Amino acid sequence: MAYAQQELKQCIEQAVGHANAYQRAIIASYSWQVEAQDVSTLTFGTQERFYFTTPDRSMRAIGFGIAQQLKTSGHDRFLRMQSKWATLNRDHVGNDLFAFCGFSFAELKQPDYRWSAFGEASMTIPKFLYLEQDGHTTVTIFAFVEPQSNAEKILNQLAVEYAELHTPKSSQFVTRIRLTRDGNDAFEASFHQATQLLKTTLKKIVLAREVVYELDQPVDLAGLVQELESSQPGSYIFFFQPTLEEAFLGATPERLILKTGQEIQTAAVAGSAPRHELEQTDYALGQTLLQDDKNRVEHAIVVDSIEQTLRGLSTRFEKPEQPMLLKNRHIQHLYTPITATLSPEVSLFQLIEKLHPTPALGGEPKEAAVAAIRDIETFERGWYGSPVGWMDGAENGEFIVAIRSGLFTDRSAVLYAGCGLVEGSRLQSELEETGTKLSPMLQALSQLCTIEKDDVYVD
Ligand SMILES: C=C(O[C@@H]1C=C(C(=O)O)C=C[C@H]1O)C(=O)O
């Protein structure tokens, strides 16, 4: 093995000592530098897998296995998780902790079988983490050490699992996937209900479509993530596989929050138009979007809401006066990048709780819009549209808005796409917009599988 065995042994022994002294489990972590890894590393895992990379691919986190998973639920799940994370960080041994994190869009509707492995709030410390940041890649082993553990046994087990990660697996999957529900009718019905609310109580509401496919065998998920990464430059790629049978993944352009110390970066991403292969037409589509009243209203609601939230939590707030365009392969959006300096007492968990969902995924007013979404939509959003990302022990981290995403099991793929509605929104164009938003995932899937009865795919 490429790591200093003696040092790792000392770290584990120290953790056993602490676990015995405190009579509770302790996380031990040990890191060393390795060569840069890329998305293909995912193909080596036979355990649970986690992946997160930034639009410029300068930051990349690849996790295997689960050393410890914190879970909680309820309306106050962000703050409950904050205290669990603080406790875990108090007495671990070794390097800084790191967790892949995800929260549900809202409390799950009565027990939803599809999302039960994900839950309402989860933070996962992997057993093995490859982390690329600032041009360096480190690998960290996280070990869950219980009182009375045998250090030698833990070390031997880690050695076996680490060696596994270097054994190539063959991944020849040829899957046929068949559309079983396109979600159009349900969307249409919710659209009409929402239209009534937009005349009275709501300024904006975001409604989504759930599109269900049946698979004849599991999709090569590592291959799919790889495909998304190469076909969607400029998007975050995320992949959470908390059990061997279930995975949630996607390619989103939308950052919810990047926090480094008390400095934060966020963005309003709302208002959409398709891309076009002809440069001139594409440019014209972008210019029309920049000047379109309906889209400008939709966008301004998001900017104003983020501004109002952040001004109450920060000592500095900056944003450009006018939105710009954010162009992805299939779609372009109105985009306003925002930076702020958080007041010293504000935590990352609090910030996520206050921001989520912005009116880019919820609506305005927030509480009424989220309640209406729950009421009107006929499916469970689960983690779609939610804060998903990573966090370290000092509560630095990055969370994206988990859109352009899908939930995969061995026999099904459930894809999600939504759009913001304001007064005057038209059903047909909103439906088309959700079709465009499904394209990144369907295009990637079409590279790996045969898609049958595919009437929603737009290349
Ligand atoms: C809801 C989605 O996207 C959101 C809605 C947008 C819109 O209505 O213009 C644009 C970007 C996202 O904030 C989605 O992709 O599912």
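Residues numbered from 1 in each chain as written. Predicted model: local features only at pLDDT ≥ 70, side-chain atom pairs only at ≥ 80, totals over all residues. Heavy atoms only, no water.

(A) Expanded view of the packing of aromatic side chains. One pass over the full model with this rule turns up 22 aromatic pairs. Both rings, one in F78 and one in F103, keep their centres 4.6 Å apart while their planes meet at 35°; by these two values the pair is tilted. Of this pair, F78 sits in helix α2 (residues 77–90) while F103 sits in strand β6 (residues 98–103), and the two are 25 residues apart along the sequence. Consider the rings of Y384 and Y416, whose centres lie 5.3 Å apart with planes at 20°: the pair is stacked. Of this pair, Y384 sits in the loop between α9 (366–376) and β20 (387–392) while Y416 is found in strand β23 (residues 412–421), placing the two residues 32 residues apart along the sequence. As far as burial versus exposure is concerned, Y384 and Y416 are alike and both buried. (Phe/Tyr/Trp six-rings, centres within 6.5 Å; stacked < 30°, edge-to-face > 60°. Helix = DSSP H or I, 4+ residues; strand = E, 2+ residues; numbered from the N terminus. Buried < 20%, exposed > 50% of the residue type's maximum accessible area, 1.4 Å probe, protein only.)

(B) A look at the domain arrangement of the protein chain. The domain architecture assigned to the protein chain consists of domain 1 (5–164) and domain 2 (175–452). For domain 1 versus domain 2, the separation of C-alpha centres amounts to 27 Å. For the pair domain 1 and domain 2, the two sides together bury roughly 4700 Å², of which 62% comes from carbon and sulfur. Considering only the surface of domain 1 that becomes buried against domain 2, F105, W115 and F118 emerge as the three largest contributors, covering 19% of it. For the interface between domain 1 and domain 2, the tally reads 3 salt bridges. In this structure, the salt-bridge partner of E229 is R57, at a minimum N-O distance of 3.9 Å. Among the elements of the structure, β2 (49–53), α2, β6 and β7 (121–125) are those that each provide at least two residues to the side of domain 1 that touches domain 2. Grouping the amino acids of the side of domain 1 that touches domain 2 by side-chain chemistry returns 25 nonpolar, 15 polar and 9 charged. (Domains from an automatic or database assignment. Buried area = accessible area lost by both parts, 1.4 Å probe. Salt bridge = Lys/Arg side-chain N within 4 Å of Asp/Glu carboxyl O. Nonpolar A, V, L, I, M, F, W, Y, C, P; charged D, E, K, R; others polar.)

(C) Highlighting helix α8 (residues 348–355). All of the buried residues in α8 are L348, F349, L351, I352 and L355. Considered in projection along α8, the buried side chains sweep an arc of 160° and stay on one side of the axis. (Arc of directions from axis to C-beta.)

(D) Local environment of unusual backbone geometry. Of the consecutive residues H356 and P357, the connecting peptide bond is found in the cis state with omega at -15°. Inspection of the secondary structure puts P357 in the loop between α8 and β19 (363–364). Omega for the bond connecting E364 with P365 falls within 30 degrees of zero, at -5°, which places this linkage in the cis form. With respect to the helices and strands, P365 occurs in the loop between β19 and α9. Here E395, not a glycine, exhibits a phi torsion of approximately 60°, which is positive. Within the secondary structure, E395 sits in the loop between β20 and β21 (397–401).

(E) Region of interest: the nonpolar core. W85, M123, I125, I205, F248, L310 and F399 are the most contacted members of the largest nonpolar core, which has 87 residues in total. Beyond its immediate chain neighbours, meaning those up to four positions away, M123 contacts Q68, Q69, L70, M81, W85, A99, F100, C101, F349 and M391. In this structure, L221, I237, A251 and A417 belong to the second largest nonpolar core, which totals 55 residues. (Core = buried A, V, L, I, M, F, W, Y, C linked by side-chain atoms within 4.5 Å. Contact = heavy atoms within 4.5 Å.)

(F) Geometry of the site of the ligand. Residues in contact with the ligand amount to 19 residues; listed here are only the nearest, E254, V269, S272, Y384 and R404. A distance of 2.6 Å separates an oxygen atom of the ligand from a polar atom in the side chain of Y384. Here G420 contributes a backbone N or O atom positioned 2.8 Å from an oxygen atom of the ligand. Of all elements in the fold, only β15 (263–274), β23 and α10 (427–448) reach the threshold of two or more residues within the shell around the ligand. (Near = heavy atom within 4 Å. Polar contact = N/O pair within 3.5 Å; in protein donor to acceptor, adjacent residues only side chain to side chain.)

(G) Structural detail: the packing of helix α4 (residues 184–199) against α10. Packing of α4 against α10 leaves a shortest axis separation of 11 Å and a crossing angle of 135°. Considering their axes alone, α4 and α10 lie oblique with respect to each other. Judged by the sense of rotation from one axis to the other, the crossing of α4 with α10 is right-handed. Of the residues in α10, those in contact with N184, F187, E188, F191 and H192 of α4 are L427, E430, L431 and T434. Among the residues forming the contact of α4 with α10, the class breakdown is 4 nonpolar, 3 polar and 2 charged. (Axes fitted to C-alpha atoms, helices over the stretch in contact; angles between N-to-C directions. Parallel < 35°, antiparallel > 145°, perpendicular 65-115°, else oblique. Left-handed = near helix turned anticlockwise from the far one by under 90°.)

(H) Inspection of the environment of L224 at higher detail. Residue position: L224 is located in helix α5 (residues 221–231). The buried category is assigned to L224, whose relative accessible area is 0%. Along the chain, L224 and Q6 lie 218 residues apart, while their C-alpha atoms are 39 Å from each other. Excluding residues that lie within four positions of it along the chain, L224 makes contacts with V219, L249, F408, M441, A444, L445 and L448.

(I) Just the packing of α5 against α10, in detail. Put simply, α5 and α10 touch, their axes get as near as 9 Å, and they point 125° apart. Classified by the angle between their axes, α5 and α10 sit oblique to one another. Between α5 and α10 lies a crossing whose hand is right-handed. On the side of α5, the interface is formed by G223, L224, E227, L228 and S231, while α10 contributes P440, M441, Q443, A444, L445, Q447 and L448. Residues of the contact of α5 with α10, tallied by class, amount to 7 nonpolar, 4 polar and 1 charged.

(J) Expanded view of the UniProt feature "domain: Chorismate-utilising enzyme C-terminal" (unreviewed entry) in the protein chain. According to UniProt, the feature "domain: Chorismate-utilising enzyme C-terminal" (unreviewed entry) maps to residues 186–437 in the numbering used here. With 35% helix and 37% strand, the stretch residues 186–437 has end C-alpha atoms that lie 17 Å from each other. (UniProt positions renumbered as here; feature names shortened; annotations may be inferred.)

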